[in-house]
Amino acid sequence: MIKEKEWWPRLRTRLLFTGPTLFAFLTVMIVPFIYGIYLTFTNWDGIATTHTLVGFENYGKVFQDEVFWKSFGLTLKYVLFTVILVNTVAFLLAFGLTRGLKGQNIFRAGFFIPNLVGGIVLGLIWQFIFSNVLVFIGEKAGIPLFSTSWLADPQKAFWALIIVTIWQYAGYMMVIYIAGLMSVPNDILEAASIDGANGWTKLRTMTLPLMVPSFIVCIFLTLQRGFMVYDVNLSLTKGGPFKSTEMVSMHVYEKAFLSRDYGLGQAEALVLFLLVAVITLLQVYFGKKMEVEA
Amino acid sequence: MDTARKGFAGVWLKTIGLALVLALFIFPFIFLLINSFKANTAITSNPLSLPQSLDWTNYRNAFEKMSYTASFMNSLTVTILGVALISLFAAMTAHYFVRNQTKFNQYTFMMMVAAMIIPFQAIMIPLVKIYGTLNMLDNKWALIYMYLGFGSPLAVFIYHGFVKGVPAELEEAALIDGCTRTQTFFRIVFPVLAPTTATISILNVLWIWNDFLLPSLILVSPHNRTLPLSTFSFYGTYSVDYGPLMAGLVLTILPVMLVYLFAQRYIIQGVMQGSIK
């Protein structure tokens, strides 16, 4: 590559090419991240111009904040179910839609539709479905399961959140699995057929191992989105009834912006970030170990 | 013969099965559409009934109370400028990093990739504090700037992979012919990267157009609201009158659906390509 010899044209090119991105990246992500670590050692209330350093007090409070750990436990449960169910549904859809079925492109396009709409709007639509449409059907058809609104019952509201999440993300993950399935080389599958392998054997011993990269991506995405869920939580249940479905993101938001306890809120956000980072990195690390070459 | 018939029946069963699942995916939208044309009493007494006529009252109501035109324009401005700035600057940065592989550039690139794991929730509190002190809240230009910051790591990462595939000889030829590096980038490299730009833009449009948490923290006054914000606040203030609410939701979804109708293939391809990286 030909380079400018003089220092000024060289610097000018560097600034032009990397300046805007790096400046925005540093000021929007890195500086707030570092400043956020500092905030956890203060007792800032969001209004006062001054705040005092309180050492590790906020972290001590994080471990005593029972509501935080309760909502973290609930989020863990939610993540467990959504990761398994979203990926199962998505993989099955992808598997059914990569075998040359007539109209498979229309199906793919249809399943993807919920991803065009943000979580807020999806949650509002389902709020209507759960509290009006299903209740009406339940009353008319005499199905007790639906005759009262799911969103009014703590247990059922939790499952309502899971159903909406599956519906929201299955189409997106399906697209990623389709890309993975299409990259499995056909010749080895044909060779296996000639050797007498049936469909299930081929799936188990060849397709699934070769799909590990897609599983890593999809599980990573569903894990991260699951732990950070906020939009659907807010618009579908508002954390209710009686705060029974308040996920950890919403708890952090309320600690900081509603209870005006910024130091504690940020400390909880950081603890959450560290836990999620460890979990997702472990998942990618062990996933990579399972990768095979065709 | 026997296996052929079995295969035929199997295909039909599978198609019907998939159609049923698809119906499950689509039915919320259908109910939304049906009820958006009905009066509140008709909705609550029977949400399954079809509307008597195409009554646009709900739409007119929602359109006005959501200040639809203003929110739509806000969403459009933020999305278009955000997506354009991310693509342009990220492509330049990725190009620079690939062609000047110094230690400093490599570490900077690695830091950007590593930062992708930081969720927005871990930054939002100090972000509001810092930009509040700088008096930059309630300003959609500040929001666009933030999208550049949050969006560039992934975009630089994806471009980085593709710039490596652009032959350096192509650029050297242009430089020898007297192009400056900037001209070379805009005339040779950026056009070659067009498919990547399309992928990144699609991912970013879906993200920015539908984003809620960041704009809800930055944009305070009603006239600055983007569509998801005004939909949500509309839902909060008129939570008893279902008719206009349904119409409002349809109005919010409509623009994306229209784009999807025409660009469906590219959007799905974009998601595929974005995930392979």
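Residues numbered from 1 in each chain as written. Chains lettered and ligands numbered in written order. Predicted model: local features only at pLDDT ≥ 70, side-chain atom pairs only at ≥ 80, totals over all residues.

A word on the overall build of chain B
Right, so step 1: A count of helices and strands for chain B gives 13 helices and zero strands.
Right, so step 2: Secondary structure elements in chain B, listed N-terminal to C-terminal, are α-α-α-α-α-α-α-α-α-α-α-α-α.
Right, so step 3: Taking 277 residues into account, the globule formula puts the C-alpha radius of gyration at 19 Å, and chain B, at 24 Å, lies well above it.
Right, so step 4: Taking all 277 residues of chain B together, 42% fall into the buried category.
Right, so step 5: Here the contacts in chain B between residues at least 6 apart in sequence split such that 79% fall between residues at least 24 apart. (Helix = DSSP H or I, 4+ residues; strand = E, 2+ residues; numbered from the N terminus. Rg over C-alpha atoms; globule rule 2.2 N^0.38 Å. Buried ≥ 20, exposed ≤ 12 C-beta atoms within 10 Å, placed from the backbone. Contact = placed C-beta atoms within 7 Å.)

Focus on the interface of chain A and chain B
Right, so step 1: Counting residues at the interface gives 69 residues for chain A, matched by 67 residues for chain B.
Right, so step 2: Secondary structure elements with two or more residues in the side of chain A that touches chain B: α1 (7–39), α4 (104–112), α5 (119–141), α6 (154–182), α9 (212–227), α10 (231–237), α11 (248–258) and α12 (262–289) of chain A.
Right, so step 3: Of all the elements, α1(A) adds the most residues to the side of chain A that touches chain B, at 20 residues.

Here's the deal with the UniProt feature "transmembrane region" (unreviewed entry) in chain A
Residue and element names in this part refer to chain A.
Right, so step 1: Those residues carrying the UniProt feature "transmembrane region" (unreviewed entry) are residues 21–41, 78–97, 109–137, 157–182, 203–223 and 269–286 in this numbering.
Right, so step 2: When the span residues 109–137 is considered, its composition is 79% helix and 0% strand, and the gap between its end C-alpha atoms is 29 Å.
Right, so step 3: The annotated region residues 157–182 carries 100% helix and 0% strand content, and the separation between its end C-alpha atoms amounts to 38 Å. (UniProt positions renumbered as here; feature names shortened; annotations may be inferred.)

Brief notes about the nonpolar core
Right, so step 1: One finds A90(A), M173(A), M174(A) and Y159(B) to be the most contacted residues of the largest nonpolar core, which totals 147 residues.
Right, so step 2: When residues in this core are grouped by element, the largest group, 15 residues, is from α6(A).
Right, so step 3: Ignoring any residue separated from it by four or fewer positions in sequence, one finds Y159(B) in contact with A90(B), A91(B), A94(B), L193(B) and T196(B). (Core = buried A, V, L, I, M, F, W, Y, C linked by C-beta atoms within 7 Å.)

Some thoughts on the packing of helix α3 (residues 66–96) of chain A against α6(A)
Residue and element names in this part refer to chain A.
Right, so step 1: α6 packs onto α3 with a crossing angle of 45 degrees between their chain directions and a minimal axis gap of 7 Å. In terms of axis orientation, α3 runs oblique to α6. The hand of the α3/α6 crossing is right-handed. Residues Y78, F81, T82, L85, V86, N87, V89, A90, F91, L93, A94 and F95 of α3 form the contact with α6, whose participating residues are L161, I162, T165, I166, Y169, A170, M173, M174, Y177, I178 and L181.
Right, so step 2: For the contact of α3 with α6, the residue count by class is 20 nonpolar, three polar and no charged. (Axes fitted to C-alpha atoms, helices over the stretch in contact; angles between N-to-C directions. Parallel < 35°, antiparallel > 145°, perpendicular 65-115°, else oblique. Left-handed = near helix turned anticlockwise from the far one by under 90°. Nonpolar A, V, L, I, M, F, W, Y, C, P; charged D, E, K, R; others polar.)

With respect to the environment of D65(A)
Residues and elements named next belong to chain A.
Right, so step 1: Within the secondary structure, D65 is located in the loop between α2 (57–64) and α3.
Right, so step 2: Among the residues examined, D65 registers 20 C-beta atoms within 10 Å and is labelled buried.
Right, so step 3: Taking C-alpha positions, D65 is 27 Å from A160, a pair spaced 95 residues apart along the chain.

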